[in-house]
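# Structural features, examined
Listed below are the residues making up each chain.
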Amino acid sequence: MMNESAFRPSFKKVLVANRGEIAIRIIRACQELGIRTVAIYSDADKNSFYYRIADEAHNIKGSSARQTYLNIEKVLDVARKTGCAAVHPGYGFLSENPDFASACNEAGIKFIGPSSACMRKIADKAHIKKTMQVNGIPVLPSIESEADSDRLRILTKEMGFPLIVKPSFGGGGKGMRIVRSGEELEDALRYARAIGKSAFRNEAFYIEKYLEKPRHVEVQILADSDGKIIALGERECSIQRSHQKLIEESPSPALTPEKRNEVIELAKKAAAVVEYENAGTIEFLYYDGRFYFLEVNGRIQVEHSVTELVTGMDLVKEQIRIACGGKIEESMQDIPADGWAIQCRINAEDPYNQFAPSPGTITGYRAPGGMGVRVDTGIFMGYTIPTQYDSLVSKLSVWGRDRTEAVSRMRRVLSEYVILGIRTLLPLHRAIFREKNFLNGDYTTNYVEEHLEDLLESMKQIEKSEKSHDELLAEVFTSVCRLVLNENHARNSKATSGVAPFPEGSHAEVSEEETIAVIAAAIAVAMESEGTPIRSLAQRSATVNTWATIGRIAQMNQRLPCLQRQR
């Protein structure tokens, strides 16, 4: 583990080539290390929070990911102009793009992550499976796309159904399709090629034997330029929907100490095979007591906070330290989990409507807290979630002394977490943390599909038996806003017409538009936009028309546009 008091980073300024919560996470780590940060933001992210906390922020024109965060030339142009010594890519976007890593090195800018050569090795998932197999690491039987159609039909029949077709490049579950018969194969191949071409610019695919009910286990590793590798325990990532992870925990409830040691040694061996450097994750499927290599993720993972909670290690700082030439000391050993951590991914999706995306404006927000609770998010009240990017809006993580305490704590904080104005996966998570199989740690990657009907029913029952969280938060907002309205109206009416303030318990005088406007003003005041002191704003609101003041404050506040009523 890094001795922060002794570590002096050689980077004076870092470009954060990402957005949202991961950008905030990286900026915070840099700030604590005394490194200046440069953020980039698209036109669609002009009202985001993350780039406000960076030392510098630059708009890269455009709204789509391809125009902005995936545009190597634009990103590097900002890095050059601002004098950045390094770039941290976060996860997604350019984080696993070897061309970007190469372009950074050619520009004399350090890429905080594995080398471009390593990234090219692990990018081709079909090829890396062969490499691992040659080096004695178990893999599932597979077929590469080079075979012609007739040969593919023969080989797939010999391998036996079910199978899964995957794009050879990219990740995140994109383009994957399960095939249970020969009739389904052609459609799956077309789908994999199409997604591969559009998302990863490569039509290559491979076909793999599909395991019906495996568990998904991954190992977090750190590796330095001398080839020294340590493992920071494993994470269980089996609660998924459409190959997208929803819940992660560490350690895995499925592994014995012996199996834990086995998968850690396999992960370290796999990292050595590809000459990995920096922080990375080696993923496996666990089935019938055996581990099968899945892939290498050459970046910080979305779920890295789970490992941080059980190890006490800041993985982003470790990434920076290794990128600065730092070494893993000989005395450093694999770090076992201390306690238990669980993370829930809160996506802007509607679980009642086949998980349809639910972009929109956050009209009410309250984050949970308490001992052992961590919330990673870039959203706030008044923020409008863009349609152009990933639906993840928040990562809710907890730590407990054991799994029982961690599960109990997560169940509590899920009941406290309130996000209004959009649909989220909060109801689904609340239902999962009451379901018997999950509570017993008895689940596989098919868990959500197998239990979805029961989970949906449980969600409805929870809403009926407990007061709506929306109602609870609305009560708080209404009472606070009425108090603000009364006080301001009383001051203004006394100075003008002498009209009495709103009567206690009155609802007619406070419209929804007025309430939203007051909330917008309260946020603007709290954030002290443009450096205006809160006291000055309060004094101003006492002497001029309340609604004019609210409008002025909201316009001043570049972080938050005026809230729009949800219709």
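A brief structural summary.

Each value, and the rule that gives it
- Residues numbered from 1 in each chain as written.
- Predicted model: local features only at pLDDT ≥ 70, side-chain atom pairs only at ≥ 80, totals over all residues.
- Heavy atoms only, no water.
- Salt bridge = Lys/Arg side-chain N within 4 Å of Asp/Glu carboxyl O.
- Helix = DSSP H or I, 4+ residues; strand = E, 2+ residues; numbered from the N terminus.
- Buried < 20%, exposed > 50% of the residue type's maximum accessible area, 1.4 Å probe, protein only.
- Polar contact = N/O pair within 3.5 Å; in protein donor to acceptor, adjacent residues only side chain to side chain.
- Contact = heavy atoms within 4.5 Å.
- Phe/Tyr/Trp six-rings, centres within 6.5 Å; stacked < 30°, edge-to-face > 60°.
- Lys NZ or Arg CZ within 6 Å of the ring centre and 35° of its normal.
- Pairing = 2+ DSSP bridges.
- Axes fitted to C-alpha atoms, helices over the stretch in contact; angles between N-to-C directions.

When the charged atoms of two side chains with opposite charge come close together, those side chains can pair. Applying the stated rule across the entire model yields 36 salt bridges. K129 serves as the salt-bridge partner of E208, at 2.8 Å between the closest nitrogen and oxygen. With a gap of 79 residues between them, E208 in strand β9 (residues 205-209) and K129 in helix α5 (residues 125-134) connect regions that are remote in the sequence. Exposure remark for E208: the relative accessible area of 2% places this residue in the buried category. Overlapping salt bridges, with partners in common, bring together E218, R235, K245, E248, E283, E303 and R345 in one network.

Among the structural elements, T281 can be located in strand β13 (residues 278-287). There is a polar contact of 3.2 Å between the side chain of T281 and the side chain of R235. In contact with T281, other than residues within four places in its own chain, are E218, V219, Q220, R235, E295, V296, N297 and Q301.

The subject of this paragraph is the packing of aromatic side chains. What the rule picks out here adds up to 15 aromatic pairs. Both rings, one in Y41 and one in Y51, keep their centres 3.8 Å apart while their planes meet at 10°; by these two values the pair is stacked. Placement of Y41 in strand β2 (residues 36-41) and of Y51 in the loop between β2 and β3 (56-59) is noted, with a sequence separation of 10 residues between them. The two residues Y41 and Y51 agree in class, both being buried. With a centroid separation of 5.8 Å and an interplanar angle of 75°, the aromatic rings of Y365 and Y417 are classed as edge-to-face. Of this pair, Y365 sits in strand β18 (residues 364-366) while Y417 sits in the loop between α11 (403-416) and β21 (418-420); the two residues are 52 residues apart in sequence, bridging distant segments of the chain. On the basis of relative accessible area, Y365 is assigned to the buried category, the value being 18%. Within the aromatic cluster, the residues linked to one another by ring pairs are F284, Y286, F291 and F293. Here the basic side chain of R241 rests over the ring of F355, its NZ or CZ set 4.1 Å away from the ring centre. The positively charged end of R403 is found above the aromatic ring belonging to F438, 5.1 Å away from the centroid.

What follows deals with the pairing of strand β11 (residues 229-241). In terms of burial, β11 is a largely internal element, 12 of the 13 residues being buried. Here 6 bridges tie strand β10 (residues 215-223) to β11, and the two strands are oriented antiparallel to one another. Across the sheet, the residue bridging to A223 is I229, located in β11. Hairpin connection of β10 to β11: 5 residues between the antiparallel strands, including G227 at a positive phi of 90°. With 4 bridges connecting them, β11 and strand β12 (residues 244-250) associate as antiparallel partners. Residue I239 lies in a different strand from β12, and its bridge partner there is I247. Linkage of β11 to β12, two consecutive antiparallel strands, is achieved through a turn of 2 residues, within which S242 is found at a positive phi near 55°.

Here K157 lies in helix α6 (residues 149-159). With 25 residues separating them along the chain, K157 and G182 place their C-alpha atoms 7.7 Å apart.

Time to look at unusual backbone geometry. Cis rather than trans, the peptide bond between F161 and P162 has omega equal to 5°. Along the polypeptide, P162 turns up in the loop between α6 and β7 (163-167). With an omega dihedral of 0°, the bond running from S250 to P251 counts as a cis peptide bond. With phi around 45°, F93 is a residue other than glycine that occupies positive phi space. When its relative accessible area of 27% is taken as the criterion, F93 is described as partly exposed.

Now for the side chain of T82. On the secondary structure map, T82 appears in the loop between α2 (72-81) and β4 (86-88). At 2.7 Å, the side chain of T82 and the backbone oxygen of V78 are in polar contact. The contact partners of T82, leaving out residues within four places of it in the chain, are K13, V38, E56 and H58.

Bringing the environment of N347 into the picture now. Tracing the backbone through its elements, the reader meets N347 in strand β15 (residues 340-347). Linking N347 and L246, residues 101 residues apart in sequence, is a C-alpha distance of 8.8 Å. If near-sequence neighbours (up to four positions away) are discounted, N347 is found in contact with L246, S391, L392, V393, R423, T424 and L425.

Turning next to the sheet that holds β9. Reading across from one edge, β6-β9-β7-β8 is the order of the 4 strands in this open sheet, with antiparallel pairing throughout. The open sheet is flanked by β6 (142-144) and β8 (177-179), the only strands paired with a single partner. Taking each pair of neighbouring strands and ignoring which way they run, the sheet shows an average axis angle of 25°. In terms of strand pairing, β7 meets β8 through 3 bridges, oriented antiparallel. Within β8, the position partnered with L163 by the bridge is V179. Where α5 meets the sheet, it contacts β6 and β9, and its direction lies at approximately 50° from that of β9. Contacting β7, β8 and β9, helix α7 (residues 185-200) crosses the sheet at an angle of about 20° to β7.

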